[in-house]
Amino acid sequence: MNREQLFQELVDACTTLISYIEHHSAYHSYEITDLVTQYARLWNLNAEQIRDLYYAAMLHDIGEVVLKGELLSKTGKLEEKESAMMQQHPLIGYRFVSRIPSMERAACIIRWHHENYDGTGYPDMLSYRAFPIESQILRIADAFVSLQSERPYRKALSADEAKKVLASQKGVMCSAPIVQRFLSALEAGEISYKPGKATLSFPASYPAVEITREEGEAILLAFSMGLADFIAHRIPYLKGYGFRVGMVTDLLAQELQLNDRERFLLFLASFLFETGMAVLPSEILFCRKPLTAEQRVLMERHSEVSAKVCSKIRSYPELEQIVKSHHEHFDGSGYPEGLKGDAIPALSQILGLSATFVSLISPRPYRAAYRVPQAISILSSLMGRFFPPHLRPVLALLRQEYV
Ligand SMILES: [Fe+2]
Ligand SMILES: [Fe+2]
Ligand SMILES: [Fe+2]
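Residues numbered from 1 in each chain as written. Chains lettered and ligands numbered in written order. Predicted model: local features only at pLDDT ≥ 70, side-chain atom pairs only at ≥ 80, totals over all residues.

Quick word on the overall build of the protein chain
- A tally of helices and strands in the protein chain yields 20 helices and zero strands.
- Over its C-alpha atoms the protein chain spans a radius of gyration of 23 Å, differing by no more than 12% from the 22 Å that the globule rule assigns to 403 residues.
- In terms of overall dimensions, the protein chain has a C-alpha envelope of 70 × 50 × 35 Å along the principal axes.
- Buried residues in the protein chain amount to 38% of all 403 residues.
- When contacts within the protein chain are restricted to residue pairs at least 6 apart in sequence, those whose partners lie at least 24 apart make up 68%. (Helix = DSSP H or I, 4+ residues; strand = E, 2+ residues; numbered from the N terminus. Rg over C-alpha atoms; globule rule 2.2 N^0.38 Å. Buried ≥ 20, exposed ≤ 12 C-beta atoms within 10 Å, placed from the backbone. Contact = placed C-beta atoms within 7 Å.)

Observations regarding unusual backbone geometry
- The step from Y122 to P123 runs through a cis peptide bond, and the omega angle for that step is 5°.
- As for its position among the elements, P123 is in the loop between α7 (104–111) and α8 (133–147).
- The peptide bond linking Y335 to P336 adopts the cis configuration, its omega dihedral lying at 5°.
- Its place among the elements puts P336 in the loop between α17 (318–324) and α18 (346–360).
- Even without a glycine there, the phi angle at N44 is positive, about 50°.
- Inspection of the secondary structure assignment puts N44 in the loop between α2 (26–41) and α3 (47–59).

Concerning the domain arrangement of the protein chain
- With domains assigned, the protein chain is organised as domain 1 (3–188) and domain 2 (213–402).
- With centres defined by C-alpha atoms, the gap from domain 1 to domain 2 works out at 34 Å.
- Taken together, the contacts link 19 residues of domain 1 with 24 residues of domain 2.
- Across the side of domain 1 that touches domain 2, the residue classes tally to twelve nonpolar, two polar and five charged. (Domains from an automatic or database assignment. Nonpolar A, V, L, I, M, F, W, Y, C, P; charged D, E, K, R; others polar.)

Digging into the nonpolar core
- Core analysis: the largest hydrophobic core is formed by 101 residues, its most contacted members being V36, L53, I140 and A269.
- When sequence neighbours within four positions are dropped, the list of residues in contact with V36 reads L53, A57, I137, L138 and A141. (Core = buried A, V, L, I, M, F, W, Y, C linked by C-beta atoms within 7 Å.)

A word on the packing of α18 against helix α19 (residues 372–382)
- Interaxial distance between α18 and α19 falls to 9 Å at its minimum, and their mutual angle equals 145°. Crossing of α18 against α19: the hand is right-handed. Listed contacts from α19 to L353, T356, F357 and L360 of α18 are A375, I378 and L379. (Axes fitted to C-alpha atoms, helices over the stretch in contact; angles between N-to-C directions. Left-handed = near helix turned anticlockwise from the far one by under 90°.)

Description of the environment of F357
- Secondary-structure assignment places F357 in helix α18.
- On the basis of neighbour counts, which here come to 24 C-beta atoms within 10 Å, the residue F357 falls in the buried class.
- Measuring from C-alpha to C-alpha, the distance between F357 and A84 comes to 37 Å, with 273 residues separating the pair along the chain.
- Excluding anything up to four places from it in sequence, F357 contacts V248, A375, L379 and L398.

Structural notes on α3
- Given a rise of 1.5 Å per residue, 13 residues ought to cover 18 Å, and the 19 Å separating the end C-alpha atoms of α3 matches this to within 8%.
- For α3, a buried count of eleven out of 13 residues is recorded, marking the element as mostly surrounded by other parts of the structure.
- Within α3, burial applies to Q49, I50, R51, D52, L53, Y54, Y55, A56, A57, M58 and L59. (Expected span 1.5 Å × (residues − 1).)

Points about the packing of helix α12 (residues 241–255) against helix α20 (residues 393–402)
- As a packed pair, α12 and α20 sit with axes 11 Å apart at the nearest point and diverge in direction by 125°. Between α12 and α20, the angle falls in the class oblique. Two packed elements cross with a definite hand, and for α12 against α20 that hand is right-handed. In contact with L251, L252 and E255 of α12, α20 contributes V394, L397 and E401.
- Split by residue class, the contact of α12 with α20 holds four nonpolar, no polar and two charged. (Parallel < 35°, antiparallel > 145°, perpendicular 65-115°, else oblique.)

Printed below as a string of structure tokens:
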């Protein structure tokens, strides 16, 4: 397995998630990355630095995924509290990305992509030489592209207007040489940016790193656990949920004598299946009353969003369908496809049962947690309707382990 290929799959998964945020698109990441890699070449960075910059540019705004949509689409000026929240996004992104093995430096670049050379940026108020060149390169490319993109609170600037703004930022936003070289490279055609025309390729200078299956699995697991924690930042009641579901799925996987690959897939899916919840509006996530029909439709989209994200993890193609079908019911009353009986993947059935059990014994905004015996009797009443009858024996195991 090639390590960078796996990373590209994970980055694709993240940009897919980013593309669901209002007023944002995966394309913004591509445009920045294209420009950043062009500009980085002019600074004699080594292959390692360019690789880290590439990933950092792709994921620089990932932290915005867990900010409230209301904040991102606000047309007026942000209030002080709101802009403080908004300014958290580099740090939130850093926390997530730094958990992935060998992505630590990319994570730092993300953390510092809103610092300013004069020390007025955030979150760490780095200044002068303490502001690393990689982050400065990302900072200036991001600024140049962002100025030329329309925002809810302002119109897009022309390229010339954007250059004028940058020219006033020498020694302010970035060091004078970083700004000056950027502007002259644009002028000389050494770098170019045309809105909507990004071409993207992973830096060819970076050598392929072969990793074992176990190393690949460790990366994937670190990524998935990090993603689950990341999403819990927006949805606190999901904190630790992936772990709790993972413990149950793993218990059942052993009981049902699944093979190693199935067991791993199921454990992985336990951290990924609710990913799509991150893009739901707050009034649905934190609703204390039963959802209206319209809200239900929106809420039910989450399994498809999770599946879309997982579909990018091409090294494990089964993940997409396992995750997509976690709300399908044995009798066909589930969603999103209304699959019935054996048409529902066996691993989705186990995931669905485990997740329902853990949900029932966890508090939710609209209800308190059920006690374990109550939860088991609810599950028992759902056998043959939501869950296949052949899973009934695992209820005895849950009773034994959890009561
Ligand atoms: Fe940003
Ligand atoms: Fe950005
Ligand atoms: Fe779900």
